[in-house]
Amino acid sequence: MKRTTNFLVAALLLGLHIAHADDGLGLKRGGNAKDVSLSGVSSGAAMAVQYAVAHSSAIVGVGSIAGPGWGCAEGRVSQAINDCMCGRQPVASKIDAARALATIKNGEMDPLIAEKPQALKRAYVFHSAGDGTVVEQSGKAGIDFLTAFIGKGPVIDWGNLNDGSNNAGHGIISPDGTDSCRADGNEATYIRRCGAEDNAGKLFLALYGQGSDYDASKRVSNIHESDVWQFDQQRMIDDVKNGVSTIASDRAFWVFPYKSVRRKNLDMAKSGYLYVPPSCRHAGSKCRAHVALHGCKQDARHFAIAAGYNNWAEYYKVIVVYPAMEPDAPVSEEVCQMAPVQPIVNTSWVEPNPNSCWDWWGYLDPGWPEGNRYLTKRAPQMQVIERIITELTGPVQ
């Protein structure tokens, strides 16, 4: 009897393990190519907006959480840090620059119809007044840009006075967050907990809710870590980098610049992550597809597990994919607490990215004539994301 009981327990545990195991299909999910959206945190927010603007006839919605405005850096790291992040000089919406790029008929940007995108209709912005890394004025510039570009204002979330999220530190807010709500110098994940506040839930409501009210009871809480699956991102990276003529160096030995292995890989990781809700795991489900981009200094897998997107994926019938950056040796100090960055760093001969940020100021671009490549479809990291979306929404084999 004891042996039978032990066998049954082992079988049950094995069954549970199998239930949570990767199904081996990778990115091939047959997602709905007409219902693709993106969002991100910090540099991931900047990249999400850059991608949505460049692909505005294919992306239906975009979310920016604690991110700067489109094109704010103008290809200069000093401006990215001093102004777009730290607010040392006023920043303005770059709507005219975006429209100008979209009118150049070379396929680098999707064209606009009467200065409006063909598919991009919905947006969400979260920005806390207590964010000391990407300041409030930069968030407002992003709101102004999206309002002008889309033709109507995004859903704006300034946080909640009752739970303190209106004064939260830099990052994304999730009920599963591990960092304190306010910045305290002990940030480890930049996934913050401010009571029940939930950026991902309100983001999905803005993109998919069609006027319904926020209902926290729809949030699924029992997501298992093993349901976050890994996919081979390296294939897409290899495909892109083989067609990219030049990228900037990120290292120097004395006065000789060179490219690290990481830079040759576009600063991206070999693997990304994926969450497929149960109702989207069968052929023909045609679920929505959402790309969620982590921010600087964030661990990609932990972000995929804890940021909160997966908890809403079943309710909104959306597959969530998490492209990943390769970690480096991050700067320990918060940049806005450091001295202003001098324009002398705006050189194209070496462009480091120690905090594993997405390329929102052009660090992969080697200078003229590639100064605006990072904002266009030719941006190497954007090309990787495009291939991820193509496979995610392609036929299931």
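In the block above lies the structure referred to throughout.
From a predicted model like this one, the values you see are computed outputs, not experimental measurements.

A.B. asks: Tell me what's going on with the state of the cysteines, and back it up with residues and numbers.
C.D. replies: Taken as a whole and judged by the stated rule, the model has five disulfides. At a sulfur-sulfur separation of 2.1 Å, the disulfide partner of Cys-72 is Cys-84. One quick way to see it: the torsion about the S-S bond of Cys-72 and Cys-84 is about -105°, and its sign makes the bridge left-handed. In this pair, Cys-72 sits in the loop between strand E2 (61-65) and helix H3 (77-85) while Cys-84 sits in helix H3, placing the two residues 12 residues apart along the sequence.

A.B. asks: Give a detailed account of helix H4 (residues 95-103), specifying residues and quantitative values.
C.D. replies: Within an α-helix, residues lying three or four positions from one another point in the same direction, as the helix has 3.6 residues per turn. Of all the residues in H4, the buried ones are Ile-95, Ala-98, Arg-99, Leu-101 and Ala-102. When H4 is viewed along its axis, its buried side chains cluster within an angular range of 160° and face the same direction. Exposed positions of H4 whose direction lies more than 90 degrees from the buried face are Asp-96 and Thr-103. Next to the buried residues of H4 lie helix H2 (43-54) and helix H5 (136-150).

A.B. asks: Residues and numbers for the nonpolar core, please.
C.D. replies: Residues Trp-70, Phe-145 and Ile-385 are the most contacted members of the largest nonpolar core, which totals 76 residues. Top contributing element to this core by residue count: H2, with eight residues. The contact partners of Ile-385, leaving out residues within four places of it in the chain, are Leu-38, Met-47, Tyr-51, Val-291, Leu-293 and Trp-358. Counting residues in each nonpolar core, the second largest holds 36 residues, with Ala-168, Ile-173, Ala-292 and Ala-304 among its members.

A.B. asks: Tell me about the side chain of Ser-37, residues and numbers included.
C.D. replies: Mapped onto the secondary structure, Ser-37 falls in strand E1 (residues 36-41). In this structure Ser-37 comes out as buried when scored by relative accessible area, which is 0%. Reaching out from Ser-37, the side chain makes a polar contact with the side chain of Tyr-208 at a distance of 2.6 Å. Not counting residues within four places of it along the chain, the set of residues in contact with Ser-37 comprises Ile-59, Val-60, Gly-61, Leu-207, Tyr-208, Ala-289, His-290 and Val-291.

A.B. asks: Give a description of unusual backbone geometry that names residues and reports values.
C.D. replies: Phi angles above zero are rare outside glycine, and Ser-42 is one such case at about 60°. Inspection of the secondary structure assignment puts Ser-42 in the loop between E1 and H2. Positive phi is not limited to glycine here, since Ser-356 has a value of about 60°. Topologically, Ser-356 is positioned in the loop between strand E12 (318-322) and helix H11 (380-392).

A.B. asks: Summarise the packing of aromatic side chains; cite the residues concerned and give the values.
C.D. replies: Per the stated rule, a full pass over the model turns up 15 aromatic pairs. Both rings, one in Phe-253 and one in Trp-254, keep their centres 6.3 Å apart while their planes meet at 85°; by these two values the pair is edge-to-face. A residue is classified by how much of its surface remains accessible, and Phe-253, at 55% relative accessible area, is exposed. The exposure class assigned to Trp-254 is exposed, which follows from its relative accessible area of 72%. Between the aromatic rings of Tyr-315 and Tyr-316, the centroid separation amounts to 4.8 Å while the plane-to-plane angle is 80°, which identifies the pairing as edge-to-face. For Tyr-315, a relative accessible area of 39% corresponds to the partly exposed category. You can call Tyr-316 buried: its relative accessible area is 7%. Over the ring of Tyr-214 we find Lys-202, and its NZ or CZ is 5.4 Å from the ring centre.

About the cut-offs
- Residues numbered from 1 in each chain as written.
- Predicted model: local features only at pLDDT ≥ 70, side-chain atom pairs only at ≥ 80, totals over all residues.
- Heavy atoms only, no water.
- Disulfide = S-S within 2.5 Å.
- Helix = DSSP H or I, 4+ residues; strand = E, 2+ residues; numbered from the N terminus.
- Buried < 20%, exposed > 50% of the residue type's maximum accessible area, 1.4 Å probe, protein only.
- Arc of directions from axis to C-beta.
- Contact = heavy atoms within 4.5 Å.
- Core = buried A, V, L, I, M, F, W, Y, C linked by side-chain atoms within 4.5 Å.
- Polar contact = N/O pair within 3.5 Å; in protein donor to acceptor, adjacent residues only side chain to side chain.
- Phe/Tyr/Trp six-rings, centres within 6.5 Å; stacked < 30°, edge-to-face > 60°.
- Lys NZ or Arg CZ within 6 Å of the ring centre and 35° of its normal.

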